[in-house]
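Letter by letter, the chains look like this.
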Amino acid sequence: MSILKVARMGHPVLRARARALARSDIKSAAVQQLIDDMMETMAEYHGVGLAAPQVHQGVRLFVASLNAGEDGEESDEAFAIINPEIAVVGSDVVEDWEGCLSIPDLRGRVPRAREIRVRALNRQGERIELDAHDFPARVIQHETDHLDGVLFFDRMRSFESLTFLDEYARYWAKD
Ligand SMILES: [Zn+2]
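Described below are features of the structure shown in this document.

Reading the values: rules and limits
- Residues numbered from 1 in each chain as written.
- Predicted model: local features only at pLDDT ≥ 70, side-chain atom pairs only at ≥ 80, totals over all residues.
- Heavy atoms only, no water.
- Donors = N, O, S within 2.8 Å, 3.2 Å for Na, K, Ca; no water.
- Helix = DSSP H or I, 4+ residues; strand = E, 2+ residues; numbered from the N terminus.
- Buried < 20%, exposed > 50% of the residue type's maximum accessible area, 1.4 Å probe, protein only.
- Pairing = 2+ DSSP bridges.
- Phe/Tyr/Trp six-rings, centres within 6.5 Å; stacked < 30°, edge-to-face > 60°.
- Lys NZ or Arg CZ within 6 Å of the ring centre and 35° of its normal.
- Core = buried A, V, L, I, M, F, W, Y, C linked by side-chain atoms within 4.5 Å.
- Contact = heavy atoms within 4.5 Å.
- Expected span 1.5 Å × (residues − 1).
- Salt bridge = Lys/Arg side-chain N within 4 Å of Asp/Glu carboxyl O.

Attention now goes to the coordination of the zinc ion. Coordination of the zinc ion by the protein involves C100 (SG), H142 (NE2) and H146 (NE2), with metal-donor separations of 2.0 to 2.2 Å. Along the chain, the residues that donate to the zinc ion are spaced as C-x41-H-x3-H. Taken together, the residues span a long stretch of sequence, with C100 in strand 3 (residues 78-100) and H142 in helix 3 (residues 135-147) at a distance of 42 residues. The exposure class of C100 is buried, given its relative accessible area of 8%.

What follows is the structure, encoded as structure tokens:
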């Protein structure tokens, strides 16, 4: 496995729409390697999610490491989500802090749907469906946005909350 270079804001790959992966592609050694490398890269930089365009690969794939929530599978193991389709459940929108490995050292408050249902493929190419709410739902929406060339700045209602990490820790972090 290897740690991949993370594209930073301004790199065009972050603004392009990524292409869907065919099931036969998912099982290829190249994609399996990419998933392993993305998981290692995410862990190295203490991310909770990492999308393929962030490592210069324009495919609809992200990895995340969080408690999946509703589905019973409570685990901190990293997992891969491929070709995700998100349906918003209900009308609750919550605003909370986000950061991004492609936008280092900044945090901002971003409104997101509280609850979503996700249809996708896993790294074995199997169809999966999961319900997520609150933090995991936020991460999944953030990462899926990357597959459409959308960054969290684009979703902010105002830039008033934009905060450097040091100031975030000093004034805004809850613990
Ligand atoms: Zn991001």
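Glancing now at the pairing of strand 5 (residues 127-133). Sheet topology places strand 4 (residues 103-121) next to strand 5; 7 bridges connect them, and they run antiparallel. The residue of strand 5 that forms the bridge with V118 is L130. Linking strand 4 to strand 5, which pair antiparallel, is a turn of 5 residues; within it G125 sits at a positive phi near 85 degrees.

Moving on, we get to the packing of aromatic side chains. Tallying each qualifying case throughout the model produces 4 aromatic pairs. On the basis of an interplanar angle of 70 degrees and a centroid distance of 5.1 Å, the ring pair of W97 and Y168 is categorised as edge-to-face. Of this pair, W97 sits in strand 3 while Y168 sits in helix 5 (residues 165-172), and the two are 71 residues apart along the sequence. The burial state of W97 is the same as that of Y168; both residues are buried. Its guanidinium or amino end placed over the ring of Y168, R107 lies 5.8 Å from that ring's centre, counting from NZ or CZ.

L21, I35, M38, L61, V63 and I82 are the most contacted members of the largest nonpolar core, which has 17 residues in total. Those elements that provide at least two residues to this core are helix 2 (29-44), strand 2 (61-65) and strand 3. Sequence-distant contacts of V63, that is, excluding residues within four places in its chain, are made with I35, M38, M39, M42, V48, G49, L50, F79 and A80. In terms of nonpolar packing, the next biggest core, distinct from the first, is built from 16 residues, A18, A51, A64 and I81 among them.

Further remarks concern helix 3. Counted at 1.5 Å a residue, the expected span for helix 3 with its 13 residues is 18 Å, and the 19 Å between its end C-alpha atoms agrees. Counted residue by residue, helix 3 has 12 buried out of 13 residues, so it is predominantly covered. Among all positions of helix 3, only P136, A137, R138, V139, I140, Q141, H142, E143, T144, D145, H146 and L147 are buried. If you follow the buried residues of helix 3, they end up packed against strand 1 (49-51), strand 2, strand 3, strand 4, strand 5 and helix 4 (152-155). Looking one or two residues past helix 3, G149 carries a phi angle of roughly 75 degrees, positive in sign.

Glancing now at the pattern of salt bridges. Per the counting criterion, the structure on display carries 15 salt bridges. Of the charged contacts, one joins R109 and E95 as a salt bridge, the two residues approaching to 3.5 Å between their closest N and O atoms. Taken together, the residues R109 in strand 4 and E95 in strand 3 connect sequence positions 14 residues apart. The residue R112 makes a salt bridge to D145 at a minimum N-O spacing of 2.8 Å. With R112 in strand 4 and D145 in helix 3, this pair connects stretches of sequence that are 33 residues apart. One exposure class covers both R112 and D145, and it is buried.

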